Amino acid sequence: GRINTRYNNVETYFTLRKENERLKLQNADLLNKLKADFAWPDSSLTVVADTVRIDSLEQYRKFLYLPAKVISNSVNSQQNYLMLHRGSSQGVIPNMAVVGPDGVVGTVVNASRNMSVVMSLLHRQSKIVAVLKKGSGFGEVTWDGIDPKFVTLSKVPKTVPVVKGDTVVTSQYSDKYPPGHMIGVVESVADDQVTSTYILKVRSSTNFYSVQHAYIVKNLQKAEMEELEKAIKKDQ
């Protein structure tokens, strides 16, 4: 009986690993379906591959989610990084956004064939465009290098009503982060006397002490956006 119990425990352990991998892939597939970022939120849309058709108009999917496993992570430095088990051979390139099951994780800064390095949200040089979920309060999220559980949302106009408990999410103006991804919840509100704006202390929705899985986000329209930006600069 003891042998059978031990055998079952071992079998369950390896079965759970396989189940976790299956769920991770399934979640990525659901994210790709639910967060396609189409322009028209209409239940009557017809989705075909990576496009959606309305009458004779076509809106292309903007973001693609690639599941990855976290194989190393740091939280106690001023410049924290994560390493993911997915690299250039699986479509990863620098400057891609990385999110987790609970919210924003960071940005890819380097990639080898099968691994990639991510600048954590807990990095002194990390900057993310964010907004309050209720629809206003556009600002910039940074980390002060003190407490891994909190980040700072600055440059929020005082004309915006903000209270403790408000949700902070990624902005639609980011070129790499899909809009609406959770960053955290407002813990406290303070005045910035220099700029006459608010400085918000935000409790990160991602627990960086225990993050194990992530999704690398590929902007499928980034090349087109860069071409337009180059054309504008050339005309100027």
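Anyway, here's the lowdown on the structure attached to this text. (Residues numbered from 1 in each chain as written. Predicted model: local features only at pLDDT ≥ 70, side-chain atom pairs only at ≥ 80, totals over all residues. Heavy atoms only, no water.)

Another aspect to go through is the packing of aromatic side chains. Following the criterion strictly, the structure yields one aromatic pair and no others. Above the plane of the ring of F150 lies K201, whose end atom (NZ or CZ) is 4.4 Å from the centre. (Phe/Tyr/Trp six-rings, centres within 6.5 Å; stacked < 30°, edge-to-face > 60°. Lys NZ or Arg CZ within 6 Å of the ring centre and 35° of its normal.)

As for its position among the elements, T107 is in strand β7 (residues 104-111). Looking at T107, its side chain comes within polar contact range of the side chain of Y177, at 3.2 Å. Residues in contact with T107, not counting those within four places in the same chain, are N95, M96, V117, V118, M119, K176 and Y177. (Helix = DSSP H or I, 4+ residues; strand = E, 2+ residues; numbered from the N terminus. Polar contact = N/O pair within 3.5 Å; in protein donor to acceptor, adjacent residues only side chain to side chain. Contact = heavy atoms within 4.5 Å.)

Spatial strand order, β4-β5-β8-β7-β6-β15: six strands in a closed barrel with antiparallel pairing. Adjacent strand axes in the sheet meet at a mean angle of 45 degrees, parallel and antiparallel pairs treated alike. Where β7 lies against strand β8 (residues 116-123), five bridges are found, and the strand directions are antiparallel. Counted as the bridge partner of T107 is M119 from β8. (Pairing = 2+ DSSP bridges. Axes fitted to C-alpha atoms, helices over the stretch in contact; angles between N-to-C directions.)

Turning next to the environment of N219. Among the secondary structure elements, N219 is positioned in strand β15 (residues 213-219). Residue N219 is classed as buried on the basis of its relative accessible area, which comes to 9%. Through-space distance from the C-alpha of N219 to that of Y65 is 9.2 Å; in sequence the pair is 154 residues apart. (Buried < 20%, exposed > 50% of the residue type's maximum accessible area, 1.4 Å probe, protein only.)

Under the counting rule described, the total for this entry stands at five salt bridges. The shortest N-O distance in the salt bridge between D147 and K149 comes to 3.3 Å. E187 serves as the salt-bridge partner of R203, at 3.6 Å between the closest nitrogen and oxygen. Taken together, the residues R203 in strand β14 (residues 197-204) and E187 in strand β13 (residues 182-192) connect sequence positions 16 residues apart. Its relative accessible area of 37% is what places R203 among the partly exposed residues. (Salt bridge = Lys/Arg side-chain N within 4 Å of Asp/Glu carboxyl O.)

Moving on, we come to the sheet that holds β14. Adjacent strands of a sheet form backbone hydrogen bonds with each other and so pair up, either parallel or antiparallel. Read around the closed barrel, the six strands follow the order β9-β10-β11-β14-β13-β12; overall the barrel is antiparallel. Averaged over all adjacent pairs, the angle separating strand axes in this sheet is 40 degrees, with direction ignored. Here strand β9 (residues 128-132) pairs with strand β12 (residues 167-170) via three bridges, running antiparallel. Paired with A130 across the bridge in β12 is T170.

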